[in-house]
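Listed below are the residues making up each chain.
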Amino acid sequence: MKNVDDLIDSAAELAEHGLSKGEIADELNVSRETASWLVERAGGSDAAETSAAGSTADIHVDWSALGRDSTRLRYAASAMADLLAKEGDAVDLTVGIEKAGAPLATAVANQLDTDLGTYAPAKHQWEEGDIDEQGGGFSRNFAAIRDRDCYVVDDIITSGTTMRESINAIREQGGEPVACVVLVDKVGYDEIDDVPVYSLVDVVRVDRDR
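Everything numeric here is computed off the predicted structure, so don't read it as measured data.

Cut-offs used in this document
- Residues numbered from 1 in each chain as written.
- Predicted model: local features only at pLDDT ≥ 70, side-chain atom pairs only at ≥ 80, totals over all residues.
- Heavy atoms only, no water.
- Helix = DSSP H or I, 4+ residues; strand = E, 2+ residues; numbered from the N terminus.
- Salt bridge = Lys/Arg side-chain N within 4 Å of Asp/Glu carboxyl O.
- Buried < 20%, exposed > 50% of the residue type's maximum accessible area, 1.4 Å probe, protein only.

Describing unusual backbone geometry
Of the consecutive residues Glu98 and Lys99, the connecting peptide bond is found in the cis state with omega at 5°. Relative to the assigned elements, Lys99 resides in the loop between β1 (93-97) and α7 (101-112). Positioned with a positive phi, Asp113 is a non-glycine residue whose angle comes to about 60°. Along the chain, the position of Asp113 falls in the loop between α7 and β2 (115-120). Despite not being glycine, Asp147 shows a phi value in the positive range, around 60°.

What follows is the structure, given as C-alpha cells:
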C-alpha cells in the first residue's frame, strides 16, 4: 500500500468481508480511530470529513515484505528473540497477540525454546463506543498461562492500549509478563505497566510547528 486511497480501498474490502473496525485497524496497522475514518471515507460518509478535521496524525506500517516470506519472517523473529534474550532464560512461555503477533510469536518461541500461547484482544470485537465493554481471551488451542513467566509479542504498538490489555490479562491469569517485543513501536515506549518494551524500529513523529 502506497497511499491513503489504497488504505481506503482496503478498509472498504475488509468491511465488506464482515471485519469489525477493530479487526480492520489490526489488519492495516493503524489506530482504531484511523480505521473508523477509513471505513467512513470508503462509504462516502460526511462524518469522515468531520472526524478527519479533528483527528491526529497516524502512521501506516506495511511489513508485508516480511510477512509474506517465511525466511524473512524467521530472520525478523530471530532479531526480536535476541532483544528478549537479555531478560534471561527462565521464561518458558511466549504469548502472541492475535492476529499478526501470533506468527511472529511462533518464530520467537522457536528461537527461545518456549511454549506458545495466543491472546485475542478486545479490539477485534470493537465497532464503536467504549472498548472496555468488550473482552479478549486466550486460545485454548495453545499453552495456558498457569502462573508462568511470559514474553509478549506483537507486530505494532500504535497507542499501547492492546499491549496494556494483554499484560493485564496475563496477570489476571496469574502469569508474569517479563518483557514485550514488537517489530515497530509508533510511540517509543520503554515500558508499559512496569514491563520492558523492546522494538526493532521506533517511529518518532516530528512536529515542526511546536
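Having seen the structure, we can now continue with the description.
Focus: the pattern of salt bridges
Note that side chains of opposite charge can pair when their charged atoms are close. Tallied over the entire structure, the rule returns five salt bridges. As a salt-bridge pair, Lys99 and Glu27 come within 3.9 Å of each other at their nearest N and O atoms. Remark: Glu27 occurs in helix α2 (residues 21-28) and Lys99 occurs in the loop between β1 and α7; sequence separation between them is 72 residues. According to the relative accessible area criterion, Lys99 is partly exposed, its value standing at 37%. Take Glu27: its relative accessible area is 39%, and that puts it in the partly exposed class. Close ionic contact of Arg148 with Asp115 constitutes a salt bridge, the shortest N to O distance being 2.5 Å. One end of the pair, Arg148, is in the loop between β3 (137-138) and β4 (149-157); the other, Asp115, is in strand β2, with 33 residues separating them in the sequence. Among the residues examined, Arg148 registers a relative accessible area of 8% and is labelled buried. Several salt bridges converge on common partners, so that one network encompasses Asp92, Asp115 and Arg148.

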